[in-house]
Amino acid sequence: MERMPKWADVILTPLISLVLAFAISALVILAIGESPAEALKVMVQGALGSSYGWGFTLYYTTNFVFTGLAVMVAYHAGLFNIGGEGQAAMGGLGVALVVLALPWPHWALALPAAAMGAALFGALWALVPAWLQARRGSHIVITTIMFNFIAAAALNYMLVNVLRPVGSMDPASARFPEAAHLPKLSEMALGLGVEWGRNTPANVTFFLAIAACLLVWLLIWRTRLGYEIRAFGKSEPAALYAGISPVRITVLAMLVSGALAGLMAVNNVMGEAERLVLNAVEGAGFIGIAVALMGRNHPLGVLLAALLFGFLYQGGGELALWTSIPRELIVVIQALVILFTGALDNMVRMPLERLFAALRRKGA
């Protein structure tokens, strides 16, 4: 018998954790002499109160969906991929090389090619840690952390010595061709006669993120490979007894995970900056860990958690702009959300389990 209903595990537990995180955040805001109610009002209005705010919120959400899905797929295989930062950075290199290689006549041709380049580079960057884990027992957490730093150094070298245009002092690639410009959501809305999200970076990649959620759901819960990934993640000895190869599943799961992280670059490199720059990932790879944890490692949960963190990012920027509350406070709020939904999950879960057990005994 389940300790508590599925809906309580999926909805109620994260919701209570979120309320606790925001309650403690309110106390922190009070401690620095500001009004929590006013801070919440500014964040909501700045992130959700206008099409301008929504445009930025959905842009951040798109980034976090890809990195959250990357962590989720690896987690189902019993792997903790915290190399999304490096894999997304190398995905950006893949996007830049593909888009700058040819004179693309239209974005509809450039987008799938750039997506394949991003996924390939992200997957290849996850391949070596996967092989080391599968064949040599090197812990995936250690190797993926190391590869984040290697990716940063490699990207810096490529931008300064290879991709930087002649005469430019900026460590960045050349601008992408105008024909490879991805439509912004505001431009798509204007084509329908609606003025929405003017001067915001949200673009057509948002729909690619939604499609990725659906495809990952199909992969994990509707394919043989997905079953093998979940079986291996639940019990390696049982999976081995059933004839599932640990090496094969470790490598394949990490390849899919790295590809998803790499796809984030389509949004921020091709869709927003329209060139490759240093530090383009901006911590989204690490935020993906929190998104996957809060989303209970399910694509729908990842999408909703990514929207929450998109709200926090955009709302935090507005908070720093219009109040005296420092921008760093939003990092505190994010940390509290991660703390309560991840490390302190049992603090909420165990009392709920006891409550539902008592209700079942009473009903019996």
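Residues numbered from 1 in each chain as written. Predicted model: local features only at pLDDT ≥ 70, side-chain atom pairs only at ≥ 80, totals over all residues. Heavy atoms only, no water.

Asks: Just to check I follow, could you spell out the overall build of the chain for this structure?
Replies: Along the chain, the regular secondary structure elements total 15 helices and 0 strands. For the chain, the C-alpha radius of gyration of 21 Å lies close to 21 Å, the compact-globule estimate for 364 residues. Considered along the principal axes of its C-alpha atoms, the chain spans approximately 75 × 60 × 40 Å. Carbon together with sulfur atoms contributes 68% to the accessible area of the chain, which is approximately 17200 Å² in total. Placing the 22 positive and 18 negative side-chain charges of the chain at their respective mean positions leaves the two points 13 Å apart. (Helix = DSSP H or I, 4+ residues; strand = E, 2+ residues; numbered from the N terminus. Rg over C-alpha atoms; globule rule 2.2 N^0.38 Å. Areas by Shrake-Rupley, 256 points an atom, 1.4 Å probe, with all protein chains shown as cover. Lys, Arg positive; Asp, Glu negative; His and termini not counted. Charge placed at Lys NZ, Arg CZ, Asp CG, Glu CD.)

Asks: Would you explain the pattern of salt bridges in this entry?
Replies: Side chains bearing opposite charge may pair, as long as their charged atoms lie close to each other. Overall, the coordinates contain 6 salt bridges when judged by the stated rule. Residue R275 pairs with D170 through a salt bridge whose shortest N-O separation is 2.9 Å. Of this pair, R275 sits in the loop between helix 11 (246-273) and helix 12 (284-294) while D170 sits in the loop between helix 6 (140-163) and helix 7 (185-191), and the two are 105 residues apart along the sequence. Classification of R275 as partly exposed rests on a relative accessible area of 23%. Classification of D170 by relative accessible area gives partly exposed; the value is 32%. Note that E228 and R224 form a salt bridge whose closest N and O atoms lie 3.4 Å from each other. Taken together, the residues span about one helical turn, with E228 and R224 both in helix 9 (residues 224-234) at a distance of 4 residues. (Salt bridge = Lys/Arg side-chain N within 4 Å of Asp/Glu carboxyl O. Buried < 20%, exposed > 50% of the residue type's maximum accessible area, 1.4 Å probe, protein only.)

Asks: Is there a simple way to think about the packing of helix 12 against helix 13 (residues 299-322) in this case?
Replies: When two helices pack together, you describe them by how their axes are tilted relative to each other and by the distance separating the axes. Where helix 12 meets helix 13, the axes come as close as 8 Å, and the angle between the chain directions of the two elements is 130°. Between helix 12 and helix 13, the angle falls in the class oblique. Here helix 12 and helix 13 pass one another in a crossing that is right-handed. Contact with helix 12, carried on its side by I287, A290, V291, A292 and M294, involves V302, A305, A306, L308, F309 and Y313 of helix 13 and no other residues of that element. Split into classes, the residues belonging to the contact of helix 12 with helix 13 amount to 11 nonpolar, no polar and no charged. (Axes fitted to C-alpha atoms, helices over the stretch in contact; angles between N-to-C directions. Parallel < 35°, antiparallel > 145°, perpendicular 65-115°, else oblique. Left-handed = near helix turned anticlockwise from the far one by under 90°. Contact = heavy atoms within 4.5 Å. Nonpolar A, V, L, I, M, F, W, Y, C, P; charged D, E, K, R; others polar.)

Asks: In this structure, what is going on with the side chain of E318? I would like to understand it.
Replies: Tracing the backbone shows E318 in helix 13. Relative accessible area serves as the criterion here: at 14%, E318 is assigned to the buried category.

Asks: What's the story with the packing of aromatic side chains in this structure? I'm lost.
Replies: The description of two aromatic rings rests on the distance between their centres and on the angle between their planes. All chains considered together, the criterion is met by 7 aromatic pairs. Through a chain of ring-to-ring contacts, the aromatic side chains of Y59, Y60, F64 and Y313 assemble into a single cluster. (Phe/Tyr/Trp six-rings, centres within 6.5 Å; stacked < 30°, edge-to-face > 60°.)

Asks: How should I be thinking about unusual backbone geometry in this particular structure?
Replies: Residues apart from glycine generally show negative phi values, whereas peptide bonds are mostly found in trans. Within the chain, N279 stands out as a residue other than glycine whose phi angle is a positive 55°. Relative to the elements of secondary structure, N279 occurs in the loop between helix 11 and helix 12. Judged by its relative accessible area of 66%, N279 falls in the exposed class. At N297, a residue that is not glycine, the phi angle is positive and equals roughly 55°.

Asks: Would you take a moment to explain helix 15 (residues 345-363) for this structure?
Replies: An α-helical turn contains 3.6 residues, so any two residues separated by three or four positions project in the same direction. Helix length check: helix 15 (19 residues) gives 27 Å between terminal C-alpha atoms against 27 Å at 1.5 Å per residue, within 8%. For helix 15, the set of buried residues is D345, V348, R349, L352, E353, F356 and A357. On an axial view of helix 15, the arc spanned by its buried residues comes to 160°, and they lie on one face. Every exposed residue of helix 15 that faces more than 90 degrees away from the buried side is listed here: R354, R361 and K362. (Expected span 1.5 Å × (residues − 1). Arc of directions from axis to C-beta.)

Asks: Help me understand the packing of helix 1 (residues 6-31) against helix 14 (residues 328-343), please; the structure alone is not making it clear to me.
Replies: Relative to each other, helix 1 and helix 14 sit at 145°, their axes nearing to 8 Å. Here helix 1 runs over helix 14; the crossing is right-handed. In this structure, helix 1 uses S17, L18, L20, A21, F22, I24, S25, V28 and I29 to contact helix 14, whose residues at the interface are L329, I333, L336, V337, F340 and T341. Taken together, the residues of the contact of helix 1 with helix 14 sort by class into 12 nonpolar, 3 polar and no charged.

Asks: Looking at this structure, I do not really get the nonpolar core. What am I missing?
Replies: A general trend in soluble globular proteins is that nonpolar side chains are found buried together. Ranked by internal contacts, the top residues of the largest apolar core, which has 106 residues, are F64, L69, V95, M270 and F309. Ignoring any residue separated from it by four or fewer positions in sequence, one finds F309 in contact with F64, I287, A290, V291, M294, Q334, V337 and I338. By size, the runner-up hydrophobic cluster in this structure holds 5 residues, among which are M4, A8, V348 and L352. (Core = buried A, V, L, I, M, F, W, Y, C linked by side-chain atoms within 4.5 Å.)

Asks: Before we go on, may I ask you to explain the environment of I24 in this structure?
Replies: With respect to the secondary-structure elements, I24 resides in helix 1. Assessed through its relative accessible area of 32%, I24 is described here as partly exposed. Each C-alpha atom of the pair I24 and G271 lies 36 Å from the other, and the pair is 247 residues apart in sequence. The residues touching I24, leaving out its near neighbours within four places in the chain, are L336 and F340.

Asks: I'm lost on helix 12 in this one. Help?
Replies: Taken across its 11 residues, helix 12 has 9 buried, putting it largely inside the fold. The complete set of buried residues in helix 12 reads A284, G285, I287, G288, I289, A290, V291, A292 and M294. Where helix 12 is buried, its residues contact helix 1, helix 3 (51-76), helix 4 (84-101), helix 11, helix 13 and helix 14. Positive phi appears at R296, one or two residues downstream of helix 12, with a value of about 55°.

Asks: Sorry if this is basic, but what is going on with the confidence of the model for the chain here?
Replies: Regions with low pLDDT should not have their predicted coordinates read in detail. The predicted model of the chain averages 93 in pLDDT, with 99% of residues at 70 or higher. Averaged over each element, pLDDT in the chain is lowest for helix 14 (78) and highest for helix 8 (residues 205-222) (98). (pLDDT = per-residue confidence, 0-100.)

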